[in-house]
Amino acid sequence: MPNTSSASGITPAWTFGDRLRKARRSVNMTSIQFANALGITPPALSQYETDRTMPRDIIAMARRVEAVTGVSALW
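Everything quoted here is computed from the prediction, not taken from an experiment.

The subject of this paragraph is the packing of helix α1 (residues 16–26) against helix α4 (residues 58–69). At a minimum axis separation of 10 Å, α1 and α4 run at an interaxial angle of 20 degrees. With respect to their mutual orientation, α1 and α4 come out roughly parallel. The handedness of the crossing between α1 and α4 comes out as left-handed. In this structure, α1 uses F16, L20, A23 and S26 to contact α4, whose residues at the interface are I58, M61, V65 and T69.

The subject of this paragraph is the side chain of T69. For T69, the position within the fold is in helix α4. In this structure the side chain of T69 is engaged in a polar contact, spanning 3.0 Å, whose partner is the backbone nitrogen of V71.

This brings us to the packing of helix α2 (residues 31–38) against α4. Following both chains from N to C, one finds α2 and α4 inclined at 115 degrees, their axes separated by 10 Å at the closest point. The handedness of the crossing between α2 and α4 comes out as right-handed. Here F34, A37 and L38 of α2 come into contact with α4, specifically with M61, R64, V65, V68 and T69. Of the residues belonging to the contact of α2 with α4, the class tally is six nonpolar, one polar and one charged.

This part covers the packing of aromatic side chains. In the structure shown here, the tally under the stated rule is zero aromatic pairs. Directly above the ring of W75 sits R19, whose terminal nitrogen or CZ lies 5.5 Å from the centroid.

This paragraph deals with the pattern of salt bridges. Evaluation of the coordinates by the stated rule reveals two salt bridges. Between R24 and E49 there is a salt bridge, with the nearest N and O atoms lying 2.7 Å from each other. Here the residue R24 occupies a position in helix α1, and E49 occupies one in helix α3 (residues 42–49), the gap between them amounting to 25 residues. By relative accessible area, R24 is classed as buried at 11%.

What follows deals with the layout of surface pockets. In this structure, the largest pocket encloses a volume near 190 Å³. In terms of lining, the largest pocket is formed by 13 residues, of which the most central are F16, R19, A62, A73 and W75. Breaking the lining of the largest pocket down by element, the ones donating at least two residues are α1 and α4. A breakdown of the residues in the lining of the largest pocket according to their chemical character gives 10 nonpolar, one polar and two charged.

Scoring rules and cut-offs
Residues numbered from 1 in each chain as written. Predicted model: local features only at pLDDT ≥ 70, side-chain atom pairs only at ≥ 80, totals over all residues. Heavy atoms only, no water. Axes fitted to C-alpha atoms, helices over the stretch in contact; angles between N-to-C directions. Helix = DSSP H or I, 4+ residues; strand = E, 2+ residues; numbered from the N terminus. Parallel < 35°, antiparallel > 145°, perpendicular 65-115°, else oblique. Left-handed = near helix turned anticlockwise from the far one by under 90°. Contact = heavy atoms within 4.5 Å. Polar contact = N/O pair within 3.5 Å; in protein donor to acceptor, adjacent residues only side chain to side chain. Nonpolar A, V, L, I, M, F, W, Y, C, P; charged D, E, K, R; others polar. Phe/Tyr/Trp six-rings, centres within 6.5 Å; stacked < 30°, edge-to-face > 60°. Lys NZ or Arg CZ within 6 Å of the ring centre and 35° of its normal. Salt bridge = Lys/Arg side-chain N within 4 Å of Asp/Glu carboxyl O. Buried < 20%, exposed > 50% of the residue type's maximum accessible area, 1.4 Å probe, protein only. 1 Å grid on protein atoms, 1.4 Å probe; cavity = no way out; pocket = protein on both sides within 12 Å on 5 of 7 lines; lining within 4 Å. Points joined across faces, edges and corners; volume = space filled by probe spheres on them.

Interpretation note: all reported values are geometric properties and have no functional meaning in isolation.
What follows is the structure in structure tokens.
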């Protein structure tokens, strides 16, 4: 995971994939369960979690993640 500098030191630079993976793990779902709950394929989820591709509509995806996990879409 890349880091960025801040006034107080080093701050991790969380990617969309990092946040998606953490949201999934927060509700103890497998990637297959999570993909099904989000209405996407497991390969698509894998692509998103590894930052190889991004959803076309990140805002809509963040809202679906929030509905499934309770993790704020603003995070």
